[in-house]
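A closer look at the structure
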Amino acid sequence: MKKILVLFAFILGFGLVANAQSKPADFKFESETHDFGKIPMGKPVTFDFKYTNVGEEPLIISKAEASCGCTVPKYTSTPIKKGETGVISVTFNAAAGPSAFSKAVTLTSNAKTPIKVLYIKGETVAASSK
């Protein structure tokens, strides 16, 4: 009987220790895609992707890479604690001729999903002359 109680206590203790591990950092974005609509060529536009750390650990973004040189991401470089918010600001400069565009910004972090991709899209139109 003592062996059974000891075994039960051991299993129960192991289960509690396994559950006590904290959740890793994790993103919760307000939006992961932004449509600029029609924008004039040669005029940079910016959108702020806002997010909250919904994990237990501090969230650290180590890198943000754009899919081309016409897109520049800037991000909060300090660790974001549980419940705090951060911003990834993406600027697109439409220098090419009038056309539709779709660009990606790839984030690398210590989040539960370490690679996250944000998207911007829209259409460039010729700038109106006045």
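This write-up is about the structure you can find in this document. None of the values given here were measured: they were computed from a predicted structure.

**A word on the overall build of the protein**
A count of helical and extended segments in the protein gives one helix and eight strands. Each helix and strand of the protein, ordered N terminal to C terminal, gives the series α-β-β-β-β-β-β-β-β. For the protein, the residues scored as buried account for 28% of the 130 residues in total. Put simply, 66% of the contacts in the protein that link residues at least 6 apart link residues at least 24 apart.

**Describing the environment of Thr-106**
Structurally, the position occupied by Thr-106 is in strand β7 (residues 100–109). Spatially, the C-alpha atoms of Thr-106 and Ala-64 are 5.6 Å apart, while their sequence positions differ by 42 residues.

**Things to note about the state of the cysteines**
Under the definition given, this model contains one disulfide. Between the sulfur atoms of Cys-68 and its disulfide mate Cys-70 the distance is 2.4 Å. Looking along the S-S bond of the Cys-68-Cys-70 disulfide, the torsion reads about -55°, which is the left-handed sense. Classification of Cys-70 by relative accessible area gives partly exposed; the value is 22%.

Reading guide: rules and limits
Residues numbered from 1 in each chain as written. Predicted model: local features only at pLDDT ≥ 70, side-chain atom pairs only at ≥ 80, totals over all residues. Heavy atoms only, no water. Helix = DSSP H or I, 4+ residues; strand = E, 2+ residues; numbered from the N terminus. Buried < 20%, exposed > 50% of the residue type's maximum accessible area, 1.4 Å probe, protein only. Contact = heavy atoms within 4.5 Å. Disulfide = S-S within 2.5 Å.

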